[in-house]
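Structural description and commentary
Spelled out from the first residue to the last, the chains are:
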Amino acid sequence: MIRFGKVEIENFLSIGNVSIDFSNRGLVAVLGPNGAGKSSLVVDSILYGLYGLTEKYGNERDKVINRFVGKDCHIHIPITVDGVNVEIDSYRGHHKFKDEVLLKIDGKDSRGRTNQYTWDKIVKILDMDAIGFQNSIIFGQSMSQYAGLPDAQQKAIVERLLGCSWIPKAYELAKTSSFELTKELVLIADRFDVLDGKIEKIKTDIDFYTAKYTDFEGERAKKIKEVLAGIKELKSTKVLEKEIKEYQDKISTNEALVDGQVQLSVDIRKLDLEINGFEVKNTAVVADMAKLNKKIANLAETKIADDLRCDICGQTITNESVEDFVKHLNSELELKKTETYEYKIKIKARKEERQPLLDEQTNLQKLEQNNRLLVSALNKAKTVISIVDKENARVEERNENCHKRVNEIKKETNTYQDSIDKLKKEMLPLSEEKDKLTVEYKTKKADLPYHEFIVEFYSNRGFKSFLIESVIPAMNDYAATYSHALGGKFDITFSPQKQLKTKGEVREKFNVEVFNRQGAEVYEGNSNGERRAIDAVVLFVLGELASNRLNKRVSILILDDVFEKLDDETCNSIIKVLKMMSVPKGMREEEYQDLPERESVFVLTHLESLKSQFDNKIQIRRDHNGFTTIEEN
Ligand SMILES: Nc1ncnc2c1ncn2[C@@H]1O[C@H](COP(=O)(O)OP(=O)(O)O)[C@@H](O)[C@H]1O
Ligand SMILES: [Mg+2]
């Protein structure tokens, strides 16, 4: 609850120096002729004090300074907001405080960095902006012929009271931004198509050159294969070398053995000589034996002549001696026999001795023979190796040429790569842009339903109509309450839609229907006075509508010149209603129980005739200097 205390006013509009208490006043009439300063005192003073605005001058603040004084304008407003003390001092052209706005909360300086910050703070403290404040506590002439206004204006007023007059603007903005988004999406899609076309074209080219590239590489591989087919393996000489090594080993082993052959030959030669010697001697002995045998045989046939002598010993042989001689020859023969026997033994012994030597010699000769074979085999192997080596050298040279050729083929440039690279380079920024556009498109596209929702939300069918529809029942309740309090002559119904008679279609309209139980069916059908009474009901209903939108209630209600043209009866009923509103519910008559409570109700009027209806009166006049003066009761 926001409660007002005693407001002090200096050099403000027509006021020189006046204070007026707003607390617990009940119903008060503020009386005075036009231009006396009623609105300045009750309406503009608090509007300016709280929000820096006036009904007369809006936010042209320098104009509020009293023209005759021309300086030191000051309004002091003490209020309590849910029990917290708040004091606001608004200065304009002040000799000491200049244009400052001071704010104290619980006695503590709480002003903002600038006046605007301070006013913003005040809006926060009151939880109410100037329009909300004005609509809910100041009932002025501007709203007093509501029911007679065209639908669109009625609707506009209700929208203003509901604080939703900004919605059409928001709707336009949302529509524009939604349209813009759609346009952007189309542009992106177009650009996307262009990029896609370009990219597709490049891709086709790349495919073409890639095929060419692949063909070239295929050719290259084929050529290399062909060249490599000419490469031959080198023949290995390892086996031969191994063989040679084996031959050499064998040969050197054999040679070592053959070296012993010299001594063997010497030994055999020696034995041969000995055997030969013995054989010669033996042959002589055998010849001797043959001679002896012949002699013996001859001796047996022949007589022995004189002077026969022994061939051997030269002795004269006699008959007697022949026998002896034969004997002698036989013994000689025996000797020879022994001798030859001994030779034979010796020869045999020597031969026996020589045989193993001969065998060995034969063996060695075989080895020698073998070695010759080995040497020849070895030489042959060496020849083969040298042939293979030569052949290998040739093969190696040929192979080297092949490798050189392969390297050359490998080095041959595939010029299609350049074309492909160039195309890819060309494509890169395009695909990048395309990717970027895809993301952008997705993001924006995702935003679209949101935008569409916002447009729908702000449209007449949207939030606003919901808001209006949601308050209609409450408005109709208030209309019933006030209508009843004002005599119950009218049924006043607010409706958000109006049925079009021609087509039977329902169009978005806002409308107040008035049914006069004793008269016309529509507002226009009523008399002037009746209409003003209806206006009064509507005025209260709209005031309640505005108050209910606020989070806080305000303790005061001001009616500024709304009684013009009302007949006495209606005036009296309204004054009764206001009086009931200004007393606690417990003290009211039965039919006024539902009316909301206001601590102080100020009725500003120039109608002297109403004076008698009020217990509390404030008389406003201008003194001879032009300053507004007040006289209470
Ligand atoms: N800056 C000002 N200095 C002095 N008088 C002013 C100034 N601005 C307006 N006025 C006068 O103040 C008078 C009071 O007006 P107002 O409070 O609206 O009278 P009413 O009693 O009819 O509501 C008017 O005559 C108006 O010309
Ligand atoms: Mg006035």
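Residues numbered from 1 in each chain as written. Chains lettered and ligands numbered in written order. Predicted model: local features only at pLDDT ≥ 70, side-chain atom pairs only at ≥ 80, totals over all residues.

**Some remarks on the overall build of the protein chain**
Going by this rule: Here a strand is any run of E in DSSP of at least two residues, a helix any run of H or I of at least four, and the numbering for each starts at the N terminus. C-alpha atoms define the radius of gyration in this analysis, and the globule rule sets the expected value at 2.2 Å times the number of residues to the power 0.38. To sort residues by burial, count the other C-beta atoms lying within 10 Å of each one's C-beta; a count of 20 or more means buried, 12 or fewer means exposed, and anything in between means partly exposed. C-beta atoms are built from the backbone.
In terms of helices and strands, the protein chain carries 12 helices and 17 strands. What you see for the protein chain is a C-alpha radius of gyration of 76 Å, clearly larger than the 26 Å of a compact globule of 633 residues, by over 25%. Viewed in the frame of its principal axes, the protein chain has a C-alpha envelope of about 240 × 60 × 50 Å. Counting all 633 residues of the protein chain, 27% fall into the buried class.

**A short note on the site of ligand 1**
The test is simple: Each residue receives a C-beta atom placed from its backbone. It is near a molecule or strand if this atom lies within 6 Å of it. Gly is placed with the polar residues, together with every amino acid not listed as nonpolar (Ala, Val, Leu, Ile, Met, Phe, Trp, Tyr, Cys and Pro) or charged (Asp, Glu, Lys and Arg).
Near ligand 1 there are 13 residues, and of these Ser-14, Gly-35, Lys-38, Ser-39 and Ser-40 occur at the shortest range. Here the shell around ligand 1 is built from residues that sort into 2 nonpolar, 8 polar and 3 charged.

**Some thoughts on the pairing of strand β15 (residues 600–605)**
For clarity, the threshold we go by: Whether two strands pair depends on DSSP finding at least two bridges between them. Here the term right-handed applies to a crossover when the path leading from its first strand over the helix to its second strand runs clockwise, the strands being oriented away from the viewer.
Summarising burial for β15: 6 of the 6 residues are buried, a large majority. Of the two faces of β15, the one holding Ser-600, Phe-602 and Leu-604 and the one holding Val-601, Val-603 and Thr-605 are both buried throughout. Bridging between strand β4 (residues 26–31) and β15 involves 6 bridges; their strand directions are parallel. Bridge pairing in β15 places Ala-29 opposite Val-603. Relative to β15, strand β14 (residues 556–560) is paired through 5 bridges, and the arrangement is parallel. The residue of β15 that forms the bridge with Leu-557 is Val-601. Viewed along the sheet, the connection from β14 through helix α12 (residues 568–581) into β15 turns out right-handed.

**Remarks on the domain arrangement of the protein chain**
What counts here: A domain assignment, automatic or from a database, supplies the domain bounds used here.
The assigned domain composition of the protein chain is domain 1 (1–128 + 599–633) and domain 2 (238–411). Relative to domain 2, the C-alpha centre of domain 1 lies at a distance of 166 Å.

**Here's the deal with unusual backbone geometry**
Positioned with a positive phi, Asp-72 is a non-glycine residue whose angle comes to about 55°. Take Asp-72: it is sitting in the loop between α1 (38–51) and β5 (73–81). The exposure class assigned to Asp-72 is partly exposed, which follows from the 18 C-beta atoms found within 10 Å. A positive phi angle, near 55°, is found at Asn-633, a position not held by glycine. Mapping Asn-633 onto the fold places it in the segment after β17 (628–632). For Asn-633, a count of 9 C-beta atoms within 10 Å gives the class exposed.

**Topic: the pairing of strand β6 (residues 84–92)**
The pairing of β5 with β6 spans 9 bridges and is antiparallel. In the strand pairing of β6, Thr-80 is matched with Asn-85. The hairpin formed by β5 and β6 contains 2 residues between the paired strands, and Asp-82 there has a positive phi angle of roughly 50°. Pairing of β6 with strand β7 (residues 101–105) involves 5 bridges; the strand directions are antiparallel. Paired with Val-86 across the two strands is Ile-105, which belongs to β7.

**Some details on the nonpolar core**
What counts, and what does not: What makes a nonpolar core is a set of buried Ala, Val, Leu, Ile, Met, Phe, Trp, Tyr and Cys residues, with links drawn between C-beta atoms within 7 Å.
Membership of the largest hydrophobic core comes to 97 residues, with the highest contact counts inside it found for Val-30, Val-537, Val-541 and Ile-558. For this core, the element with the highest residue contribution is helix α11 (residues 528–549), accounting for 11 residues. Formed by 6 residues, the second largest nonpolar core is a distinct cluster that contains Ile-167, Tyr-171, Ala-174 and Val-455.

**Structural notes on the environment of Thr-210**
Here Thr-210 is to be found in helix α5 (residues 167–229). Counting along the chain gives 252 residues from Thr-210 to Gly-462, while the straight-line C-alpha distance between them is 59 Å.

**Things to note about the confidence of the model for the protein chain**
For clarity, the threshold we go by: Along the chain, pLDDT gives the predictor's confidence residue by residue, from 0 to 100.
Residues with a pLDDT of 70 or more make up 95% of the protein chain, whose mean pLDDT is 88. Confidence, expressed as mean pLDDT per element, reaches its minimum in the protein chain at strand β10 (residues 308–309) with 68 and its maximum at strand β2 (residues 6–12) with 98.

**Re the packing of helix α3 (residues 130–137) against α11**
How we decide: Orientation is described by lines fitted to C-alpha atoms, with helices fitted over the stretch in contact, and by angles between N-to-C directions that extend from 0 to 180 degrees. Should an angle fall under 35 degrees it is taken as roughly parallel, and over 145 as roughly antiparallel, whereas 65 to 115 is taken as roughly perpendicular and any remaining angle as oblique. Rotating anticlockwise by less than a right angle from the far helix to the near helix defines a left-handed crossing, while the corresponding clockwise rotation defines a right-handed one. A pair of residues counts as a contact when their C-beta atoms, built from backbone coordinates, are separated by no more than 7 Å.
For the pair α3 and α11, the least separation of the axes is 7 Å and the interaxial angle reads 140°. Relative to α11, the element α3 lies oblique. As for how α3 packs across α11, the hand of that crossing is left-handed. Together, Gly-132, Asn-135 and Ser-136 of α3 and Gly-543, Ala-546, Ser-547 and Arg-549 of α11 make up the contact between the two elements. Along the lines of polarity and charge, the residues of the contact of α3 with α11 split into 1 nonpolar, 5 polar and 1 charged.

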